[in-house]
Amino acid sequence: MNAIVEVSGLTKRYGSLAAVDEVGFTLEPGRVYGLLGRNGAGKTTLMSLLTGQEFATEGRIEVFGRSPVEHADVLDQLCFIRESQRYPDDFEPRHVLRSAEWFFPNWDAAFAQQLVEEFRLPVKRKIKKLSRGQLSAVGVIVGLASRAPLTFFDEPYLGLDASARQLFYDRLLADIAERPRTVVLSTHLIDEVADLLEHVLVIDRGRLIVDADAEELRGTAASVVGPRAAVDAFVAGREVLHRDGIGGLSSATVSRLSEAERAEAAAAGLELAPVSLQQLVVRLTGATDSEVENR
Amino acid sequence: MDEGRPIYSQVAEQIENDIIAGRLPEDTQVPSTNEFAAYLRINPATAGKGVNLLVDEGILYKKRGIGMFVSPGARERLIAARRDRFRSQYVAPLLAEAAKLGIPADQVAAMIRTNDEGMRR
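Computed from a predicted structure; not experimentally measured.

Undergrad: For this particular structure, what's the right way to read the domain arrangement of chain B?
TA: In terms of domains, chain B is made up of domain 1 (7-72) and domain 2 (87-120). Its C-alpha centre places domain 1 of chain B at a distance of 34 Å from the equivalent point of domain 2 of chain B.

Structure below.
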């Protein structure tokens, strides 16, 4: 499949800080991506660069074949739902929904209306007076009803309760099944969305540290649990993402275990516990500075 | 969905279980990929991968423009495959646990027999 986004050597510096640091990847049509990482890792900056809202310091970005900056034909196909979207002071949600029609060629007003009812969004209230959850609902509705070929959701669920988040996931799944498009979800609630993602990008301190299929990541990492000496012997020479222990018992998280290695661990009397995507990301990005330097 | 196992293989296994249990007889239509995705709350592409795995194995067949159906003989083939795996999947771990606890194999066999009788009664 032809990539709709191609990025290479992308860097964005603010003074001496590299918010995005030599990042390269591609996005394919019709897939759901998870953009994961800690606060300040560079996720929002990366999405701003891809949607032409920031200028790159170095590197190349092609979205639908050309630079997104000031190319209306590219920007028409993008929708970026920001975590803290600003609106004009006297705007009400109905104004946002009406103006969305001008920006998004695929805008579906009937779908937006359905979502307004499902999310119980008061459309005739000043945006300033909305609760945090209602404000998030405005973004979610715009993001879904825009049906843009490439849609970015940056932490779209702030203040949304559990049932509203479930509604978002359900409507997103149903809609992309009928009208395939590429969606990038940037989120901290990894466990909640893990099953929706096809591909995962993990960014840490501006660098891309994971670019892999979600199914490949699932099941390749495991925690090896058993007597300390046996665990030490098994993980010797492997990259250990995380270590834990109590008494004589030790647990080590390793990635990319093959079937043969699993059998080897079982034969050594070790237990293998699965590691969720969320645990894996926490372990990959949770290292302190000194731990990184010692690697 | 379980952690640690690819979701698509769990989707395939779920369909297999329905075929083995007789809930999906031969030549009946299985739910669409999108129905599976919505019901299991998983990505449609992942659900599709699970369904296609069974198409590749000949367990399901495709009617163009209509959907996926259970192949004739699918149930027998699945049962045969599961029987082949029964020993490694169930008997071996059972005996390993028994050995850990010092329960000899003949005692395990006796337990299985009395349990089986209890279930029949």
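Undergrad: Sorry if this is basic, but what is going on with the sheet that holds strand E10 (residues 222-227) of chain A here?
TA: Strand pairing in a sheet is mediated by backbone hydrogen bonds. Such pairs are either parallel or antiparallel. All names here are of chain A. Here 4 strands make up an open sheet; going across it, the order is E11-E12-E10-E13 and the pairing antiparallel. The open sheet has two edge strands, strand E11 (240-246) and strand E13 (271-274), and neither has a second partner. Between one strand and the next, the sheet's axes are offset by a mean angle of 20°, whatever the strand orientation. Strand direction decides the pairing type here: E10 and E13, joined by 4 bridges, are antiparallel. Its bridge partner being in E13, Val225 is matched across the sheet by Glu271.

Undergrad: Just checking my understanding: could you explain the environment of Gln14(B) for this structure?
TA: Residue and element names in this part refer to chain B. Structurally, the position occupied by Gln14 is in helix H1 (residues 7-20). With 14 C-beta atoms packed within 10 Å, Gln14 lands in the partly exposed category. Separated by 65 residues in the primary sequence, Gln14 and Ile79 place their C-alpha atoms 14 Å from one another.

Undergrad: What am I meant to see in helix H3 (residues 44-56) of chain B here?
TA: Residues and elements named next belong to chain B. With 13 residues, H3 should cover 18 Å at 1.5 Å per step; its first-to-last C-alpha distance of 18 Å lies within 8% of that length. For H3, the full list of buried residues reads Pro44, Thr46, Ala47, Gly50, Val51 and Leu54. Within two residues after H3, Gly58 carries a phi angle of roughly 80°, on the positive side.

Undergrad: How should the confidence of the model for chain A be read in this particular structure?
TA: Note that predicted coordinates carrying low pLDDT should not be read in detail. Residues and elements named next belong to chain A. In this model, chain A carries an average pLDDT of 90, and 97% of its residues clear a pLDDT of 70 or more. At the level of individual helices and strands, chain A shows its lowest average pLDDT in helix H12 (residues 289-293), which scores 46, and its highest in helix H4 (residues 109-118), which scores 97. Low pLDDT (under 50) marks residues 289-295, which in the prediction has 1 contact with non-local residues, meaning those over four places away or in another chain.

Undergrad: Any chance you could explain helix H11 (residues 277-285) of chain A here in plain terms?
TA: Residue pairs three or four apart in sequence face the same way in an α-helix, which turns once every 3.6 residues. Of the positions making up H11(A), those classed as buried are Leu277(A), Gln279(A), Leu280(A) and Val281(A). Packed against the buried residues of H11(A) are strand E3 (32-36), helix H7 (190-193), strand E8 (199-204) and helix H8 (214-217) of chain A.

Undergrad: Hey, could you run me through the pairing of strand E2 (residues 17-27) of chain A in this one?
TA: On a regular strand, each side chain points to the face opposite its neighbour's, so the side chains alternate between the two faces of the sheet. Residue and element names in this part refer to chain A. Two elements, strand E1 (residues 5-14) and E2, share 7 bridges in a ladder whose sense is antiparallel. Of the residues in E2, the one forming a bridge with Val5 is Leu27. Hairpin geometry of E1 and E2 is characterised by an intervening segment of 2 residues between the two adjacent antiparallel strands and by a positive phi of about 60° at Gly15.

Undergrad: Honestly, the interface of chain B and chain A in this entry has me stumped. Any pointers?
TA: Many descriptions give the size of an interface as the accessible area lost when the pieces come together. Each partner contributes to the interface: chain B provides 16 residues, whereas chain A provides 17 residues. Those elements giving two or more residues to the side of chain B that touches chain A turn out to be H1, helix H2 (33-40) and H3 of chain B. Of the residues contributing to the side of chain B that touches chain A, the split by class is 9 nonpolar, 4 polar and 3 charged.

Undergrad: What's the story with the packing of H1(B) against H3(B) in this structure? I'm lost.
TA: Relative orientation and spacing of two packed helices are given, respectively, by the angle between their axes and the distance between those axes. Residue and element names in this part refer to chain B. For the pair H1 and H3, interaxial distance at closest approach is 8 Å and the crossing angle is 55°. The pairing of H1 with H3 is recorded here as oblique in orientation. In this structure, the crossing between H1 and H3 has a hand that is right-handed. Across the interface between the two elements, Ile7, Tyr8, Ser9, Val11, Ala12 and Ile15 from H1 touch Thr46, Ala47, Lys49, Gly50, Leu53 and Leu54 from H3. Class assignment for the residues of the contact of H1 with H3 results in 8 nonpolar, 3 polar and 1 charged.

Criteria and thresholds
Residues numbered from 1 in each chain as written. Chains lettered and ligands numbered in written order. Predicted model: local features only at pLDDT ≥ 70, side-chain atom pairs only at ≥ 80, totals over all residues. Domains from an automatic or database assignment. Pairing = 2+ DSSP bridges. Helix = DSSP H or I, 4+ residues; strand = E, 2+ residues; numbered from the N terminus. Axes fitted to C-alpha atoms, helices over the stretch in contact; angles between N-to-C directions. Buried ≥ 20, exposed ≤ 12 C-beta atoms within 10 Å, placed from the backbone. Expected span 1.5 Å × (residues − 1). pLDDT = per-residue confidence, 0-100. Contact = placed C-beta atoms within 7 Å. Nonpolar A, V, L, I, M, F, W, Y, C, P; charged D, E, K, R; others polar. Parallel < 35°, antiparallel > 145°, perpendicular 65-115°, else oblique. Left-handed = near helix turned anticlockwise from the far one by under 90°.

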